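Here's the letter readout for the chains.
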Amino acid sequence: MRESWHERFAEASGCLKSDRCHKTVVPVLDLKIGGDEFITMAGPCSVETEFQLMATANHVRRAGARILRGGAFKPRSSPYAFQGLGLEGLKMLARARAESGLAIVTEVISETDVSLVAEYADILQIGSRNMENFSLLEAAARSRRPILLKRGMVATVADLLRSAQYILDNGNPNVILCERGIRTFETATRNTFDVAAIALLKQISHMPVIADPSHAAGHRELVPALARISVAAGADGLLVEVHPHPDEAWSDGEQSLDFDGFDEMMASLNPYLALRERAVGDSSGARLMEAVG
Ligand code: PEP
Ligand code: MN
């Protein structure tokens, strides 16, 4: 790795590859995030009903997802929008894990909820709006659960890595970075998917990188293409919104795939995942980059 990256990201030096640490693999139940297997996390934006969650969990598991996502505490831009089911949602997620065997990732939005959410979740999600909520980062880190840290919508890569460094400095090495798109002048998509950030993070950081094509795109028709690009850029997995009836979803329906859409997306990833498998072992990802041109 070039010395200039070390200088540029000096305040997040613990996140960068070094002789001491080239690759962090985050253990979650029987899974390894950042290891050889590409890990798909899928599920609804918000936990709504027992039926919605169970049907989605069972479907995405059969289609190859390894982790169930679902928000119980929702950070909504509008104060009048659905804010999540809270504890009842966490309990539903725990039942879905028991029934499906999938691990659970769910968001924590407040320092005071960290211990409660950590009781139920296998991975704590820190959302875009909270990437720089440093007291939340510290509390979440100290829960010792793995942390999925989403890039803030106006955060640079340096900002993201500085936030990840807060988690490391609070004694938690299990950080998973997530690119979910950033705000730019472009408004046709909900956010601008910064695929270069994925490639860059994979080159300079030892942490797993997960791509969220759903919040980047904002439109479900674009999600499969962004998912394929994520594999090609070297992501370790995906975070994708799926709902049995997206048009009736209580949040983010426009960007959620229905079950058939999820199956089609997963099938369309296969050739890219086959190239990725051939590249595994070459930690720079260079061969995959070459293979996809
Ligand atoms: C989500 O994952 O549903 C979410 C709120 O994401 P973000 O924080 O990236 O907007
Ligand atoms: Mn969402």
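Below or above, wherever it landed, is the structure these notes cover. Bear in mind the structure is a predicted one, so any value in this text is a computation, not a measurement.

What counts and what doesn't
Here the residue numbers are simple positions, counted from 1 along each chain's written sequence. Working convention: letters from A go to chains and numbers from 1 go to ligands, in the order in which they are written. Residue-level local features of this predicted model are given only where pLDDT is at least 70; pairs of side-chain atoms are given and counted only at 80 or more, and the full residue set underlies all totals for whole chains, interfaces and linings. To get the side-chain values, all heavy atoms of the structure are used, and hydrogens and water are removed first. Every helix listed is a DSSP run of H or I at least four residues long, and every strand listed is a run of E at least two residues long, numbered separately from the N terminus. For a helix, the expected span equals 1.5 Å multiplied by the residue count minus one. Any residue under 20% of the maximum accessible area for its type is buried, any over 50% is exposed, and the rest in between are partly exposed; the area is computed with a 1.4 Å probe on protein chains only. Nearness here has a simple test: a residue counts as near a molecule or strand if at least one of its heavy atoms is within 4 Å of that partner. Throughout this description, a polar contact denotes any pair of N or O atoms lying within 3.5 Å of each other; where both atoms belong to protein, one of them has to be capable of donating a hydrogen while the other can accept it, and for residues adjacent in sequence the pair is counted only when both atoms sit in side chains. All accessible-area figures derive from a Shrake-Rupley calculation using a 1.4 Å probe, and residue coverage is judged against the displayed protein chains alone. Three classes are used, and their members are as follows: Ala, Val, Leu, Ile, Met, Phe, Trp, Tyr, Cys and Pro are nonpolar, Asp, Glu, Lys and Arg are charged, and the others, Gly among them, are polar. Nonpolar side chains (Val, Leu, Ile, Met, Phe, Trp, Tyr) within 5 Å and like charges within 9 Å form the patches, drawn only from residues with over 30% relative accessible area and no salt bridge. Within this document, salt bridges are pairs made up of a side-chain nitrogen of Lys or Arg and a carboxyl oxygen of Asp or Glu, the two lying within 4 Å of each other. This count recognises Lys and Arg as positive and Asp and Glu as negative, with His and chain-terminal groups excluded. The location of each charge is read from NZ of Lys, CZ of Arg, CG of Asp or CD of Glu. Pairing between strands is defined by DSSP: at least two bridges between the two strands are required. Fitted lines through C-alpha atoms serve as axes, helices being fitted only where they are in contact, and the angles separating the N-to-C directions of these axes extend from 0 to 180 degrees. Throughout, a contact is declared for two residues whenever any of their heavy atoms are within 4.5 Å. Only N, O and S atoms count as donors, using a 2.8 Å limit from the metal and a wider 3.2 Å limit for Na, K and Ca, and since water is excluded some coordination spheres may look unfilled.

Next up on the list: helix H3 (residues 87-100). For H3, with 14 residues, the first-to-last C-alpha span of 20 Å sits near the 20 Å given by 1.5 Å per residue. Turning to H3, its buried residues are Gly89, Leu90, Met92, Leu93, Ala94, Ala96 and Ser100. At the exit of H3 stands glycine 101, carrying a positive phi of roughly 80°.

On to the site of ligand 1, then. The environment of ligand 1 is formed by Cys45, Arg69, Lys74, Glu107, Gln125, Gly127, Ser128, Arg129, Lys150, Arg180, His215 and Glu241. Interatomic distance of 3.0 Å between a side-chain N/O atom of lysine 74 and an oxygen atom of ligand 1. In this structure, serine 128 approaches ligand 1 through a main-chain N or O atom, which is 2.8 Å from an oxygen atom. The protein chains hide 97% of the 290 Å² of surface that ligand 1 would expose on its own. Considering only residue class, the shell around ligand 1 consists of one nonpolar, four polar and seven charged.

This part takes up a negative patch on the surface. Residues Asp258, Asp260, Asp263 and Glu264 make up a contiguous surface patch of negative charge. Along the chain, aspartate 258 turns up in the loop between strand S10 (237-241) and helix H10 (259-279).

Read once around its circumference, the closed barrel built from eight strands follows the order S3-S4-S5-S6-S7-S8-S9-S10, with strand pairing classed as parallel. Strand-to-strand twist of the sheet, defined as the mean angle between neighbouring strand axes without regard to direction, takes the value 25°. Sheet analysis places strand S3 (residues 39-43) next to strand S4 (residues 67-69), joined by two bridges and oriented parallel. By the bridge assignment for S4, methionine 41 is matched with isoleucine 67. Across the sheet, helix H5 (residues 134-142) is in contact with strand S6 (123-126) and strand S7 (147-150); its angle to S6 comes to roughly 175°.

Before going further, it helps to examine the coordination of the manganese ion (ligand 2). Around the manganese ion (ligand 2), the protein contributes the donor atoms Cys45 (SG), His215 (NE2), Glu241 (OE) and Asp252 (OD), at 2.0 to 2.4 Å from the metal centre. Spacing between the donor residues of the manganese ion (ligand 2) along their common chain follows C-x169-H-x25-E-x10-D. With cysteine 45 in the loop between S3 and helix H2 (50-62) and aspartate 252 in the loop between S10 and H10, this pair connects stretches of sequence that are 207 residues apart. Here the two residues cysteine 45 and aspartate 252 agree in accessibility, since each one is buried.

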